[in-house]
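The primary structure of each chain is shown beneath.
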Amino acid sequence: MSDLLDLAVAAHGGPGRWHSHRTISAELSVGGLLLDLKGQTGLFADAIYEADIHEQRATLGRFGAPDRHVRFTPDRLVLETDAGEVIEVRDNPRGAFVGHTNETSWDRLHAAYFHGYAVWTYLTQPFLYTYPGFAVDEIEPWEEGGEIWRRLKVTFPDNIASHTREQVSYFGHDGLLRRHDYAVDVLGGAKGAHYVGDYRDHGGILMPHRRRVYPLGADNRKIPEPVLIAIDIARLSFGLA
């Protein structure tokens, strides 16, 4: 690992605490212009997200109805009732985005795939970057809001579904994540600047409860309007390994 990644992992709670857990559960609200434009307003307004933090799999609860959920893995989505009745299945869900642009509408499983991989990435940062197959490289620092943020370019392995293979995370002097930049392949390469805040302590692991994603301008600064994605976590808990 790089010394910046070491600093970040320690600041967020350290590898020992992280690896003592196996699962994460969050009650959250996700909205913003992107979901409106895609025809999925309100789909995740009162959502539950439960995931394995060491393998990329999750359950998206309250999916369109109180008694429905989606089981997510990178290769398969299963929409079913809480009683186990299968409603819809999609294999190779990323392939369903071929040819999409910012203007292309989504169906509910497009939204489920995007939400499934994106939230998993967010909830596991920066510990995720220590997992097998990830490559990290510290690049030149960035000044914003009167602070100097150190930056880590992260290359994701092919087996992890995420926005794109190369992403950049920004860390403050305290080692906490401040910002996360990426292009979004399933949106035709649209770029976002993702800001995090409202950190709370969960048994020694610090987790942000507020996230806002803005368009990324040509000068590497956010375009303050519109808010593309807004994530607010009401409750969060870990399950032991």
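The coordinates are above.
Residues numbered from 1 in each chain as written. Predicted model: local features only at pLDDT ≥ 70, side-chain atom pairs only at ≥ 80, totals over all residues. Heavy atoms only, no water.

Some words on the nonpolar core
A general trend in soluble globular proteins is that nonpolar side chains are found buried together.
Item 1. Residues Leu28, Phe44, Tyr49 and Tyr117 are the most contacted members of the largest nonpolar core, which totals 62 residues.
Item 2. Looking at which element gives the most residues to this core, the answer is helix 4 (residues 108-124), with 11 residues.
Item 3. Residues Tyr170, Ala193, Tyr195 and Tyr214 belong to the second largest nonpolar core, which totals eight residues. (Core = buried A, V, L, I, M, F, W, Y, C linked by side-chain atoms within 4.5 Å. Buried < 20%, exposed > 50% of the residue type's maximum accessible area, 1.4 Å probe, protein only. Helix = DSSP H or I, 4+ residues; strand = E, 2+ residues; numbered from the N terminus.)

Considering helix 1 (residues 3-11)
Item 1. When we look at burial in helix 1, the residues that qualify are Leu4, Leu5, Ala8, Val9 and Ala11. Looking straight down helix 1, one finds that the buried residues subtend no more than 165 degrees of arc, so they occupy a single side. Turned more than 90 degrees away from the buried face of helix 1 sit Asp3 and Ala10, all of them exposed.
Item 2. Close packing links the buried residues of helix 1 with helix 2 (15-19), strand 7 (135-144), strand 8 (147-155), strand 9 (166-171) and strand 12 (205-215).
Item 3. At the exit of helix 1 stands glycine 13, carrying a positive phi of roughly 135 degrees. (Arc of directions from axis to C-beta. Contact = heavy atoms within 4.5 Å.)

Points about the environment of threonine 104
Item 1. If you trace the backbone, threonine 104 turns up in the loop between strand 6 (86-91) and helix 4.
Item 2. Here threonine 101 takes part through its backbone nitrogen, which lies 2.9 Å from a polar atom of the side chain of threonine 104. (Polar contact = N/O pair within 3.5 Å; in protein donor to acceptor, adjacent residues only side chain to side chain.)

A few points about unusual backbone geometry
Item 1. Each neighbour pair has its own omega, and for glutamine 125 with proline 126 the value is -10 degrees, a cis peptide bond.
Item 2. Here proline 126 shows up in the loop between helix 4 and strand 7.
Item 3. Omega for the bond connecting glutamate 225 with proline 226 falls within 30 degrees of zero, at 5 degrees, which places this linkage in the cis form.
Item 4. Following the sequence through the fold, proline 226 ends up in the loop between strand 12 and strand 13 (229-240).
Item 5. Although it is not a glycine, arginine 62 sits at a positive phi angle of roughly 55 degrees.
Item 6. Structurally, the position occupied by arginine 62 is in the loop between strand 3 (57-61) and strand 4 (68-73).
Item 7. In this structure arginine 62 comes out as partly exposed when scored by relative accessible area, which is 28%.
Item 8. For asparagine 220, which is not glycine, the phi torsion reads 70 degrees and is therefore positive.
Item 9. When you line up the elements, asparagine 220 lands in the loop between strand 12 and strand 13.

Comments concerning helix 4
Item 1. For helix 4, which comprises 17 residues, the first-to-last C-alpha distance of 24 Å matches the rise-based estimate of 24 Å (1.5 Å per residue) to within 8%.
Item 2. Its side-chain oxygen at 3.0 Å from the backbone nitrogen of leucine 109, aspartate 107 defines the N-terminal cap of helix 4. (Expected span 1.5 Å × (residues − 1).)

Some points on the pairing of strand 5 (residues 76-81)
Item 1. Within strand 5, five of the six residues are buried, leaving the element largely enclosed by the surrounding structure.
Item 2. Two elements, strand 4 and strand 5, share six bridges in a ladder whose sense is antiparallel. Residue pairing across strands places phenylalanine 72 opposite leucine 77, the latter belonging to strand 5.
Item 3. Relative to strand 6, strand 5 runs antiparallel, the two being bridged by five bridges. Along strand 6, the bridge assignment pairs arginine 76 with aspartate 91. (Pairing = 2+ DSSP bridges.)

Examining the packing of aromatic side chains
Aromatic ring pairs: the centre-centre distance and the angle between the two ring planes describe each pair.
Item 1. Under the counting rule described, the total for this entry stands at 14 aromatic pairs.
Item 2. With a centroid separation of 5.8 Å and an interplanar angle of 80 degrees, the aromatic rings of tryptophan 18 and phenylalanine 238 are classed as edge-to-face. Taken together, the residues tryptophan 18 in helix 2 and phenylalanine 238 in strand 13 connect sequence positions 220 residues apart.
Item 3. On the accessibility criterion, tryptophan 18 (0% relative accessible area) is buried.
Item 4. Plain terms: the ring middles of phenylalanine 114 and tyrosine 117 are 5.7 Å apart, the flat faces sit at 75 degrees to each other, and that makes the pair edge-to-face. With a gap of three residues between them, phenylalanine 114 and tyrosine 117 both fall in helix 4, about one helical turn apart. (Phe/Tyr/Trp six-rings, centres within 6.5 Å; stacked < 30°, edge-to-face > 60°.)

Notes on the layout of surface pockets
Item 1. Here the largest pocket defines a volume of roughly 300 Å³.
Item 2. Taken together, 24 residues make up the lining of the largest pocket; nearest its centre are Leu34, Phe114, Leu187, Leu228 and Ile229.
Item 3. Every element with two or more residues in the lining of the largest pocket is listed here: helix 3 (33-37), helix 4, strand 10 (177-184), strand 11 (190-202), strand 12 and strand 13.
Item 4. Of the residues forming the lining of the largest pocket, the biggest block, five residues, is contributed by helix 4.
Item 5. Across the lining of the largest pocket, the residue classes break down as 19 nonpolar, four polar and one charged.
Item 6. Put simply, the second largest pocket is a space of about 180 Å³.
Item 7. Lining the second largest pocket are Lys153, Glu166, Gln167, Val168, Tyr170, Asp181, Tyr182, Ala183, Lys191, Leu216 and Asn220.
Item 8. Elements supplying a minimum of two residues to the lining of the second largest pocket: strand 9 and strand 10.
Item 9. Sorting elements by how many residues they give to the lining of the second largest pocket places strand 9 first, with four residues. (1 Å grid on protein atoms, 1.4 Å probe; cavity = no way out; pocket = protein on both sides within 12 Å on 5 of 7 lines; lining within 4 Å. Points joined across faces, edges and corners; volume = space filled by probe spheres on them. Nonpolar A, V, L, I, M, F, W, Y, C, P; charged D, E, K, R; others polar.)

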